[in-house]
Amino acid sequence: MQKNGTVIVLLGPPGAGKGTQADRLSSALGIPTISTGEMLRQECRSGSPLGAQVEKLLNSGQLVKDELIQEVVAQRLAQPDCSEGCILDGFPRTAVQARFLDQLLNSLNFDGPAVIDLTIAPEELIARLSSRRQCPVCSRTFHCVEGMSTFCPHDGSDLIIRADDQPATIRRRLQIYSENTSEIVRFYQHRRYHRVNATHSVEDITQKVLRVLGTNLDRTKDSKPPVPASQRLWAQIS
Ligand code: AMP
């Protein structure tokens, strides 16, 4: 039987630009992005009991339980719009999740993932995360410098600081990332694993990623419209 499309895993610490690159790759390749962080934030905003539990973990920079996030990803990846491939932004985040993903892809008739590891120095990350603002309506993120408007250029909403972008939480998130990352990299490094320097311009990084994936932006000519960064699934699992 013919295999489904390629699943692209974006690795990298918070602030490396995974969300930005996921959106650009989604537009260029015409495949959806599954952003686990964004799905969790949407659940928090919904005010559900599950959202209230998850919110405490998010605000303190801790990870949610593997089983919970694995269930979310399994349901999302089984949707028909993922059959031509998808981009995973924020998953896997632990070695347990990486092993789970292999089994899941196998059961859904996908090859193992192509892994892009966005690398960046810690000082640069802290600077980026401290200036990051998010639109509460469209979820796009922006880097705000002094004097810049604090309104979303797309829908005019007031931009907000994500609760988990407070300095103490940033430090905790980076610490958790570095605790888990070496095991995940060991798991993937002898497979389709590519390191990409995330300090270049957004456009250069996208081009580099497309090059290492063996494709190029010419596909934008006949690609489908961008797919929303995430889609709610919680009603089905909670
Ligand atoms: P992100 O937007 O990817 O930085 O994720 C924001 C927060 O969502 C993280 O700090 C975690 O609390 C939670 N989260 C996102 N993805 C995962 C995952 N794969 N496993 C556990 N927690 C996650």
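Residues numbered from 1 in each chain as written. Predicted model: local features only at pLDDT ≥ 70, side-chain atom pairs only at ≥ 80, totals over all residues. Heavy atoms only, no water.

Draft legend 1. Region of the structure containing the environment of Leu57. Looking at the secondary structure, you find Leu57 in helix α3 (residues 49–59). In this structure the C-alpha to C-alpha distance between Leu57 and Asp164, which are 107 residues apart in sequence, comes to 9.5 Å. Those residues in contact with Leu57 that sit more than four places away from it in its chain are Gln62, Leu63 and Val64. (Helix = DSSP H or I, 4+ residues; strand = E, 2+ residues; numbered from the N terminus. Contact = heavy atoms within 4.5 Å.)

Draft legend 2. Layout of the pattern of salt bridges. On inspection of all chains with the given rule, the structure shows 11 salt bridges. For the salt bridge of Arg41 with Glu38, the shortest nitrogen-to-oxygen distance reads 3.1 Å. Placement of the pair is Arg41 and Glu38 together in helix α2 (residues 36–46), with a separation of three residues, close to one helical turn. Among the ionic pairs, Arg132 bridges to Asp165, the shortest N-O distance being 2.9 Å. (Salt bridge = Lys/Arg side-chain N within 4 Å of Asp/Glu carboxyl O.)

Draft legend 3. A look at the sheet that holds strand β7 (residues 193–197). Taken together, five strands build an open sheet; the order of strands is β2-β3-β1-β4-β7 and the sheet is parallel. With partners counted over all chains shown, the strands left at the sheet margins are β2 (33–35) and β7, one partner each. Sheet twist, expressed as the average angle between the axes of neighbouring strands with direction ignored, equals 20°. Judged from the five bridges that link them, strand β4 (residues 114–119) and β7 form a sheet pairing that is parallel. The residue of β7 that forms the bridge with Thr119 is Asn197. α2 rests against β2 and β3 (85–89) of the sheet, and its axis sits at about 60° to β2. (Pairing = 2+ DSSP bridges. Axes fitted to C-alpha atoms, helices over the stretch in contact; angles between N-to-C directions.)

Draft legend 4. Fine view of the nonpolar core. One finds Leu11, Leu77, Leu88, Leu101 and Tyr188 to be the most contacted residues of the largest nonpolar core, which totals 31 residues. Elements that contribute at least two residues to this core include exactly β1 (6–11), α2, α3, α4 (66–77), β3, α5 (95–107) and α7 (167–188). The element best represented in this core is α4, accounting for five residues. Excluding its chain neighbours within four sequence positions, the residues that come into contact with Leu88 are Val7, Ile8, Val9, Leu10, Ile34, Val73 and Leu101. Leu118, Ile170, Val209 and Leu210 belong to the second largest nonpolar core, which has 21 residues in total. (Core = buried A, V, L, I, M, F, W, Y, C linked by side-chain atoms within 4.5 Å. Buried < 20%, exposed > 50% of the residue type's maximum accessible area, 1.4 Å probe, protein only.)

Draft legend 5. Region of interest: the site of the ligand. Thr36, Arg41, Gln62, Gly90 and Gln97 are the nearest of the 16 residues found near the ligand. Between the ligand and Arg162, the relevant distance is 3.3 Å, taken from an oxygen atom to a side-chain nitrogen or oxygen of the residue. Here the ligand has 480 Å² of accessible area as a free molecule, and 96% of this is covered by the chains. With four residues, the top contributor of residues to the shell around the ligand is α2. (Near = heavy atom within 4 Å. Polar contact = N/O pair within 3.5 Å; in protein donor to acceptor, adjacent residues only side chain to side chain. Areas by Shrake-Rupley, 256 points an atom, 1.4 Å probe, with all protein chains shown as cover.)

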